[in-house]
Amino acid sequence: MVETTTGGEPDDGAAEVLDRPLPDGVRRRVVQIVSDGFGGLTVAELPVQLRQYARFAPNRRAKFAGNAMAAALETDPLFRQRIAEKLREAQSELTGALDSGSPPPAADPLDVAAAAYVLRPPGWVKLVTAAGEEALRADAERADEETRAELDRLREELAEARGQTRTETERLRTELESAKKEAESLHRKLRGALSDVKRGEAALRKLRGEMEAVRGEGQAHVSAAESESRRLKARLSEVEATLEATRRAAREGRSVEDMRVRLLLDTVLDAAQGLRRELALPPVSVRPAETVDAVEPGRMTPKDIAARALSENDPAILDQLLALPQAHLVVDGYNVTKTGYPQMPLEKQRLRLLGQLSQLAAQTGAEVTCVFDGAELAAPVLLAPPRGVRVLFSKPGVTADELIRQLVRAEPPGRPVIVVSTDREVADGVAKAGARPVASAVLLKRFSRG
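Since the structure is predicted, the reported quantities are computational estimates derived from the model, not experimental observations.

Undergrad: Break down the overall build of the protein chain for me, with residues and values.
TA: When helices and strands are tallied, the protein chain shows 15 helices and 5 strands. Counting over 450 residues, the protein chain shows a buried share of 28%. The long-range share in the protein chain, meaning contacts at least 24 apart out of those at least 6 apart in sequence, stands at 62%. A total accessible area of about 29800 Å² is found for the protein chain, and carbon and sulfur atoms account for 56% of it.

Dropping the structure here:
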């Protein structure tokens with residue numbers, strides 16, 4: 001397949017292939033170009049995997065959808081052609097120079113390479129490769145300059161340290177000379193004293209030395225004992241805190257497991273009772289009259305059983321699922337509202353869906369949880385959840401899809417969990433976790449039925 005330019009002529013650069021990863025600097029500029037041109041396209045003009053980012057701000061779009069936009073630009077020639085048209089409108093001088101085969105010498109190599117990657121003129125691979133090499137050279141030169149500056153700083157610090165060392169050495173040498181002179185004077189005085197005074201002074205010095213040694217050893221022992229005492233106290237506090245945390249975690253763990261086991265037990269008991277009613281199981285003891293072959297009124301015939309097979313799009317299948325014992329209905333809120341009434345503001349979408357879910361919960365008695373994506377909110381939502389419906393918003397950095405998967409994983413195996421979402425990825429994920437996916441259109445049909 002040959003890519004074409006906006007003028008309809010064959011693009012000679014289409015046959016060129018980049019044999020190495022796109023340099024990081026060029027890739028960032030390419031993502032920015034796609035993000036800038038993104039807002040000028042309609043939703044229908046966007047690739048399917050990028051339509052969910054259509055309402056994002058440019059900076060937020062470049063942050064969260066950078067990889068998806070780069071992949072779509074590489075694999076979707078029509079999308080790349082549309083982005084190239086937006087680039088020509090925004091940077092006519094640069095794109096015109098590239099189309100003529102003479103990029104501006106004063107332009108940033110990264111901008112030139114990014115524009116060439118989008119436009120794909122003849123020789124675009126060389127421009128991208130040269131920009132990557134130029135960026136590597138610039139990084140190397142910058143690192144070399146930083147190294148030289150650091151070396152100069154260390155040399156200055158070394159020279160300063162040497163100067164301080166020389167000054168300190170001179171001071172110590174002066175003090176040593178003074179001490180030597182004082183020692184010589186003392187020696188002269190000591191030599192003139194009597195021998196018994198010398199022996200007494202020598203004995204006194206020895207005794208003082210021993211006393212200082214004993215005192216120093218005693219202080220060292222006291223300091224070591226105090227340090228060990230503080231260490232033991234700190235260790236005791238840590239052990240007590242760890243023990244308390246372990247006890248609290250054990251209590252919470254037992255509480256959660258008890259809740260899950262009790263809920264599973266209730267589900268099994270209700271399922272057994274519902275199965276018994278559904279199959280119309282007779283009592284264990286057999287009565288003589290029951291051995292007589294006859295037709296009883298109200299018995300289910302094969303035709304009745306065949307009539308129970310429903311289409312996946314029949315809202316009656318949702319009623320059958322919600323009639324299961326201890327059923328839990330989890331709804332992907334914005335997926336349903338944007339399928340049924342996307343033209344309404346988000347606030348009215350939420351209120352309408354929650355009102356309908358409240359009526360459904362009252363009719364079926366099932367547990368209902370509605371999940372909204374918190375990333376769509378400019379501020380926290382203040383609303384009173386309707387009776388019978390649990391309303392949850394995903395935390396920052398967590399999508400509604402991931403919150404739905406967490407809800408499904410939190411349920412004990414065996415409990416019937418029904419997840420309403422048209423998102424294929426969500427449906428496949430919850431199905432693997434044991435939940436039953438249902439399309440959003442089925443729930444909307446069930447609402448319209450009343």
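Undergrad: Residue-level account of the packing of helix 3 (residues 66-75) against helix 4 (residues 77-90), with values.
TA: Packed helix pairs are characterised by how far apart their axes lie and by the angle those axes make with each other. In the contact formed by helix 3 and helix 4, the axes pass within 5 Å of each other and the chain directions differ by 105 degrees. The angle between the axes of helix 3 and helix 4 places the two elements in the roughly perpendicular class. For the pair helix 3 and helix 4, contact is made by Met69, Ala72, Leu73 and Thr75 and by Pro77, Phe79, Arg80 and Ile83, respectively. Partitioned by chemical class, the residues of the contact of helix 3 with helix 4 number 6 nonpolar, 1 polar and 1 charged.

Undergrad: Which residues make up helix 12 (residues 346-364), and what values go with them?
TA: The periodicity of an α-helix, 3.6 residues per turn, causes residues three or four places apart in sequence to face the same way. In this model helix 12 runs 27 Å from its N-terminal to its C-terminal C-alpha over 19 residues, within 8% of the 27 Å that 1.5 Å per residue would give. Looking at the buried residues of helix 12, the elements they touch are helix 10 (315-322), strand 1 (328-332), helix 11 (333-340), strand 2 (367-372), strand 3 (389-393) and helix 15 (440-449). At the exit of helix 12 stands glycine 365, carrying a positive phi of roughly 75 degrees.

Undergrad: Would you mind going over helix 1 (residues 24-38) in detail, with residue names and values included?
TA: Relative to the 21 Å expected for 15 residues at 1.5 Å per residue, helix 1 spans 21 Å between its end C-alpha atoms, a close match to the ideal helical length. All buried positions along helix 1 are accounted for by Gly25, Val26, Val30, Val31, Ile33, Val34, Ser35, Gly37 and Phe38.

Undergrad: Tell me about the sheet that holds strand 1, and name the residues and values.
TA: Within the open sheet, the 5 strands sit side by side as 3-2-1-4-5. Their pairing is parallel. Each having just a single partner strand, strand 3 and strand 5 (436-438) make up the two edges of the open sheet. Neighbouring strand axes in the sheet, compared pairwise and without regard to direction, differ in orientation by 20 degrees on average. Looking at chain direction, strand 2 and strand 3 are connected through 5 bridges and run parallel. Counterpart to cysteine 370 in the pairing with strand 3 is valine 391.

Undergrad: Break down the nonpolar core for me, citing the residues and quoting the values.
TA: Most often, soluble globular proteins keep nonpolar side chains buried together rather than apart. Grouped together as the largest cluster of nonpolar side chains are 35 residues, with contacts concentrated most on Val26, Val30, Val34, Leu73, Phe79, Ile83 and Val118. Listing elements by their share of this core, those giving two or more residues are helix 1, helix 3, helix 4, helix 5 (92-99), helix 6 (109-119) and helix 7 (124-192). No other element matches helix 6, which puts 9 residues into this core. Membership of the second largest hydrophobic core comes to 29 residues, among which are Leu322, Val336, Val420 and Leu443.

Undergrad: So what's going on with a positive patch on the surface? Residues and values would help.
TA: Together, Arg188, Lys189, Arg191 and Lys198 give the surface a local cluster of positive charge. Residue contributions to the positive patch peak at 3 residues, all from helix 7. Considering the arrangement of structural elements, one finds lysine 198 in helix 8 (residues 195-279).

Undergrad: Please provide a residue-by-residue account of the side chain of glutamate 411, values included.
TA: Structurally, the position occupied by glutamate 411 is in the loop between helix 13 (400-410) and strand 4 (417-420). Taking relative accessible area as the criterion, glutamate 411 reaches 12% and is therefore assigned buried. The residues contacting glutamate 411, other than those within four sequence positions of it, are Arg260, Leu263, His328 and Val417.

Undergrad: Outline the pattern of salt bridges, listing residues and values.
TA: Taken as a whole and assessed by the stated rule, the structure comprises 16 salt bridges. Residues glutamate 168 and arginine 171 are paired through a salt bridge, measuring 2.2 Å at the closest nitrogen-oxygen approach. With glutamate 168 and arginine 171 both in helix 7 and 3 residues apart, this pair spans about one turn of that helix. Given a relative accessible area of 35%, glutamate 168 falls into the partly exposed group. Overlapping salt bridges bring together Glu367, Arg390, Glu411 and Arg415 as one network.

Undergrad: Any details on the side chain of aspartate 332? Residues and values, ideally.
TA: By secondary structure assignment, the location of aspartate 332 is in strand 1. Within the buried set, aspartate 332 has no salt-bridge partner at all; the shortest N-O distance to an opposite charge, 8.8 Å, is to arginine 405.

Undergrad: Please provide a residue-by-residue account of a nonpolar patch on the surface, values included.
TA: On the surface, Leu204, Leu207 and Met211 cluster together to form a nonpolar patch covering roughly 270 Å² of accessible area. Within the secondary structure, methionine 211 sits in helix 8. What makes methionine 211 partly exposed here is its relative accessible area of 45%.

Undergrad: An account of unusual backbone geometry is requested, with residue identities and associated values reported.
TA: It is generally the case that most residues other than glycine have a negative phi and that most peptide bonds are trans. Non-glycine residue glutamine 326 carries a positive phi angle of around 55 degrees. Of note, glutamine 326 is situated in the loop between helix 10 and strand 1.

Undergrad: If you had to explain the confidence of the model for the protein chain to someone new, which residues and values would you point to?
TA: The share of residues in the protein chain with pLDDT of 70 or more is 81%, and the mean pLDDT across the chain is 78. A low-confidence stretch, residues 1-12 stays under pLDDT 50, and its non-local contacts, those more than four residues away or across chains, total 19 contacts. Across residues 290-307, confidence stays below pLDDT 50; counting only partners more than four residues off in sequence or on other chains, it has 5 contacts.

Undergrad: So what about the environment of alanine 433? Which residues, and what values?
TA: Along the chain, the position of alanine 433 falls in the loop between helix 14 (424-432) and strand 5. The class of alanine 433 is partly exposed, set by a relative accessible area of 44%. With 27 residues separating them in the primary sequence, alanine 433 and glutamine 406 have C-alpha atoms 10.0 Å apart.

Undergrad: Residues and numbers for the environment of glycine 450, please.
TA: Assignment of secondary structure puts glycine 450 in the segment after helix 15. Judged by its relative accessible area of 55%, glycine 450 falls in the exposed class. Along the primary structure glycine 450 and glutamine 363 are separated by 87 residues, whereas in three dimensions their C-alpha atoms are 9.9 Å apart.

Each value, and the rule that gives it
Residues numbered from 1 in each chain as written. Predicted model: local features only at pLDDT ≥ 70, side-chain atom pairs only at ≥ 80, totals over all residues. Heavy atoms only, no water. Helix = DSSP H or I, 4+ residues; strand = E, 2+ residues; numbered from the N terminus. Buried < 20%, exposed > 50% of the residue type's maximum accessible area, 1.4 Å probe, protein only. Contact = heavy atoms within 4.5 Å. Areas by Shrake-Rupley, 256 points an atom, 1.4 Å probe, with all protein chains shown as cover. Axes fitted to C-alpha atoms, helices over the stretch in contact; angles between N-to-C directions. Parallel < 35°, antiparallel > 145°, perpendicular 65-115°, else oblique. Nonpolar A, V, L, I, M, F, W, Y, C, P; charged D, E, K, R; others polar. Expected span 1.5 Å × (residues − 1). Pairing = 2+ DSSP bridges. Core = buried A, V, L, I, M, F, W, Y, C linked by side-chain atoms within 4.5 Å. Patch = residues over 30% accessible without salt bridge, like charges linked within 9 Å, V, L, I, M, F, W, Y side chains within 5 Å. Salt bridge = Lys/Arg side-chain N within 4 Å of Asp/Glu carboxyl O. Lys, Arg positive; Asp, Glu negative; His and termini not counted. Charge placed at Lys NZ, Arg CZ, Asp CG, Glu CD. pLDDT = per-residue confidence, 0-100.

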